[in-house]
Amino acid sequence: MQKALMDIIRQSDINQIKATTQSSPRLNSVPDNTRVITPVSHQIPAASTPPSLPPLPPSTSVPPVGSPPINPPIKLTLRRNPPSTSMSQSPEKEEKKPTKSDDWDDYCFVCSNGCDEISGDLVCCETCPKVYHNVCHIPMINGDVKDLPDDWRCTRCKNVQPITEPSEQFTEREKMVCARVLLACYEKVRGDPAQHSEPFHNPVPRSLKRYYDVITNPICFKDISKKISTLRYQNIQQFIDDMNLVFKNACAFNRKGTPIELSCRIVFDFYSHAVKELLRPYHSKIWLYQNSPKI
Ligand SMILES: [Zn+2]
Ligand SMILES: [Zn+2]
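Here the structure is a predicted model, which is why all the values come from computation and not from measurement. (Residues numbered from 1 in each chain as written. Chains lettered and ligands numbered in written order. Predicted model: local features only at pLDDT ≥ 70, side-chain atom pairs only at ≥ 80, totals over all residues.)

1. Comments concerning helix H2 (residues 172-184)
And step 1. The terminal C-alpha atoms of H2, which comprises 13 residues, lie 18 Å apart, in line with the 18 Å expected from a rise of 1.5 Å per residue.
And step 2. When you tally the buried positions in H2, you get 10 out of 13 residues, the bulk of the element.
And step 3. All buried positions along H2 are accounted for by Glu174, Lys175, Val177, Cys178, Ala179, Arg180, Val181, Leu182, Leu183 and Ala184.
And step 4. Here the buried face of H2 lies against helix H4 (221-229), helix H5 (236-253) and helix H6 (259-278). (Helix = DSSP H or I, 4+ residues; strand = E, 2+ residues; numbered from the N terminus. Expected span 1.5 Å × (residues − 1). Buried ≥ 20, exposed ≤ 12 C-beta atoms within 10 Å, placed from the backbone. Contact = placed C-beta atoms within 7 Å.)

This is how it looks when you write it as structure tokens:
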């Protein structure tokens with residue numbers, strides 16, 4: 001059943017890519033400087049939205065969540081970033097300022113979906129190849145991405161000053177720094193097309209009772225993104241506590257060595273590096289992996 005669904009999804013994606021590349025211009029053909037990717041003319045069936053699979057133990061028959069996202073089997077970004085033989089756990093650094101439409105990614109940096117009538121428009125960053133849906137960018141973009149200024153930059157590219165002293169408030173400055181830390185968790189390992197953060201993007205479905213038997217305080221990146229965007233944190237420590245909880249929950253439910261647990265370690269590395277760089281006073285507060293009882 002699952003495999004059949006995946007086959008359908010894959011075929012649907014291939015058809016979409018074919019249709020997009022053959023007939024539909026991907027980018028808005030009119031004013032070049034809007035750089036907003038508009039929906040393709042055909043509608044993507046609901047089933048093509050990548051299922052948000054919950055973290056599961058290896059005993060289950062559901063495909064491992066740590067596997068690469070189903071949606072982008074032939075990510076066009078690979079044209080510019082061919083897989084290399086040397087794997088390093090560092091984000092892709094080779095980013096040039098885009099100058100022509102083909103320079104931007106085809107899929108949202110956060111959710112890995114494209115531009116369609118369900119997910120909506122994608123906005124392109126002025127200074128990096130990343131593109132975003134308005135609800136996916138962190139902080140979330142209010143309103144239509146078409147209304148953004150021509151020189152819009154994503155949070156990754158904004159000049160964000162690191163927090164060097166513990167802060168007991170959560171103003172726009174703390175918001176932007178925390179947004180940057182969370183966005184760092186969506187990065188990909190260089191040469192690895194998998195988005196290891198995928199299992200942690202969205203809430204685990206309530207129907208998965210076994211998960212909720214074990215995890216009493218569920219949380220996901222989407223929840224944290226919303227709290228950042230709406231300034232619901234009172235201080236940075238609350239943000240750190242929520243982030244720590246994501247990794248604690250993942251390790252409480254997934255055994256060591258499973259694909260999800262391995263993905264969790266990779267994402268944790270991104271998190272740790274970002275906190276060290278941008279929230280140094282809080283680096284000692286992040287959850288230490290070795291404290292997990294199962295590791
Ligand atoms: Zn998105
Ligand atoms: Zn950017």
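Moving on from the model shown.
2. Quick notes on the packing of H2 against H6
And step 1. At their nearest, the axes of H2 and H6 sit 8 Å apart, and the two run at 155° to each other. By the angle between their axes, H2 is roughly antiparallel relative to H6. Crossing angle aside, the handedness with which H2 passes H6 is right-handed. Residues Val177, Arg180, Val181 and Ala184 of H2 touch H6, and the partners they reach there are Phe270, Tyr271, Ala274, Val275 and Leu278.
And step 2. Residue classes in the contact of H2 with H6 are distributed as 8 nonpolar, no polar and 1 charged. (Axes fitted to C-alpha atoms, helices over the stretch in contact; angles between N-to-C directions. Parallel < 35°, antiparallel > 145°, perpendicular 65-115°, else oblique. Left-handed = near helix turned anticlockwise from the far one by under 90°. Nonpolar A, V, L, I, M, F, W, Y, C, P; charged D, E, K, R; others polar.)

3. With respect to the environment of Ile236
And step 1. Assignment of secondary structure puts Ile236 in helix H5.
And step 2. We classify Ile236 as buried; it has 24 C-beta atoms within 10 Å.
And step 3. The sequence separation of Ile236 and Gln169 amounts to 67 residues, and the corresponding C-alpha distance is 7.2 Å.
And step 4. When residues no more than four places from it in sequence are discounted, the contact partners of Ile236 are Ile163, Ser167, Phe170, Glu174, Cys178, Leu279 and Tyr282.

4. Notes on H5
And step 1. Taking 1.5 Å per residue as the helical rise, H5 with its 18 residues ought to reach 26 Å, and the 26 Å between its terminal C-alpha atoms agrees with that figure.
And step 2. Taken as a whole, H5 has its buried residues at Ile236, Phe239, Ile240, Asp242, Met243, Val246, Phe247, Asn249, Ala250, Cys251 and Phe253.
And step 3. Structurally, H5 contributes buried residues whose contacts are with H2, helix H3 (209-214), H4 and H6.

5. Section: the confidence of the model for the chain
And step 1. Averaged over every residue, the pLDDT of the chain is 75; the share at 70 or more is 65%.
And step 2. Here residues 1-34 scores under 50 on pLDDT; set against residues more than four positions off or in separate chains, the count is 32 contacts.
And step 3. Within the model, pLDDT remains below 50 along residues 40-90, and this stretch shows 98 contacts once partners closer than five positions in the same chain are excluded. (pLDDT = per-residue confidence, 0-100.)

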